[in-house]
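Each chain, letter by letter, is given below.
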Amino acid sequence: SYVKLVPSETMVTNGDDFFIDVYVNAHVPVNAININVGYSSEMVDIKDVNIGNSVLTIWTHEPTIKDELISFSGGTFKRGFLGEHLIGTINAKAKFTGNTEFFIKNVELLAGDGTGSSVVTDKSNSNSKTSFYIHDQDEDPSKISAEVKININADIDGDGNVTIGDMRT
């Protein structure tokens, strides 16, 4: 199971609006979540968080935006959801020129197994953060260079070791 951030754009112009979808992919039924997404308030303004299309139907509290964290906390009436589902959409506005990122600060997924046991999540998931370059309107975006990092995680079952068991998962 993992949380991923999917941006509408990876390069935005200073002053432009953009959004980031927050998804959860569950390998076992999950019926409650608590997720914090971090960001730099120096680089972006968070306008609001849209939960209208969320898989969650019960909210412990509406998503909050405080101290450079966007918090999602809620669940479902059902025994849980499997697979990839939208949790919410963060609507933001670029403030200053430069690099910035949104990242998963912490994740708690609870199983719909009647006991609320914790679901193991892939903390090395390369989609758990997304970087942006905010450029000035007069800057030529084709002249911008960037650093790319690729993270391949073969520890599928999340036990901290790469073994034959990862092939069965």
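Scroll up to find the structure.
Predicted model only: the values in this text are computed from it and were never measured. Per chain, the residues get numbers from 1 upward, laid out in the order the sequence is written. Only residues with pLDDT of at least 70 are given local features in this predicted model, and only at 80 or more are side-chain atom pairs given and counted; all residues enter the totals for whole chains, interfaces and linings. Only hydrogens and water are set aside when side-chain values are computed; all heavy atoms of the structure are taken into account.

What follows concerns the overall build of the chain. Helical segments are the DSSP runs of H or I of at least four residues, strand segments are the runs of E of at least two, and each set is numbered from the N terminus. When helices and strands are counted, the chain shows one helix and nine strands. Ordered by position from N to C terminus, the α and β elements of the chain give β-β-β-β-β-β-β-β-β-α. For the exposure calls, accessible area comes from a 1.4 Å probe over protein chains only, and a residue counts as buried if that area is under 20% of its type's maximum, exposed if over 50%, partly exposed in between. For the chain, with 169 residues in total, the buried portion stands at 38%. For the chain, the proportion of contacts with a sequence separation of at least 24, taken over those separated by at least 6, is 76%. Residues count as neighbours in contact if any of their non-hydrogen atoms are within 4.5 Å of one another.

A word on the environment of P7. Within the secondary structure layout, P7 lies in strand β1 (residues 2–7). When the C-alpha positions of P7 and T130 are compared, they lie 7.1 Å apart, and in sequence the two are 123 residues distant.

Take the nonpolar core next. Nonpolar cores were defined as sets of buried Ala, Val, Leu, Ile, Met, Phe, Trp, Tyr and Cys residues, with membership established by side-chain atoms within 4.5 Å. Among the nonpolar cores identified, the biggest contains 32 residues, and I33, V37, I70, F72, I90 and F102 are the most heavily contacted of them. Tallying contributions element by element places strand β3 (residues 17–38) first for this core, with nine residues. Other than its neighbours up to four places away in sequence, I90 contacts F18, F19, I20, V22, V37, I46, D48, I70, F72 and F102.

We now examine the pattern of salt bridges. Pairing is possible between side chains that carry opposite charge, provided their charged atoms lie close to one another. Take a side-chain nitrogen of Lys or Arg and a carboxyl oxygen of Asp or Glu: if they are within 4 Å of each other, that pair is a salt bridge. All told, the structure shown has four salt bridges when counted by the stated rule. The partner of D17 in a salt bridge is K47, with the nearest N and O atoms 2.7 Å apart. With D17 in strand β3 and K47 in strand β4 (residues 44–50), this residue pair connects regions lying 30 residues apart in the sequence. D45 is the partner of K95 in a salt bridge, and the nearest nitrogen-oxygen pair spans 3.6 Å.

Positioned with a positive phi, D67 is a non-glycine residue whose angle comes to about 55°. Within the fold, D67 resides in the loop between β5 (58–66) and β6 (69–75). We classify D67 as exposed; its relative accessible area is 64%.

We now examine the side chain of S1. Note that S1 resides in the segment before β1. According to the relative accessible area criterion, S1 is buried, its value standing at 14%. Ignoring sequence-local partners within four residues, the contact set of S1 consists of N25, A26, H27, V28, L109, V119, V120, T121 and D122.

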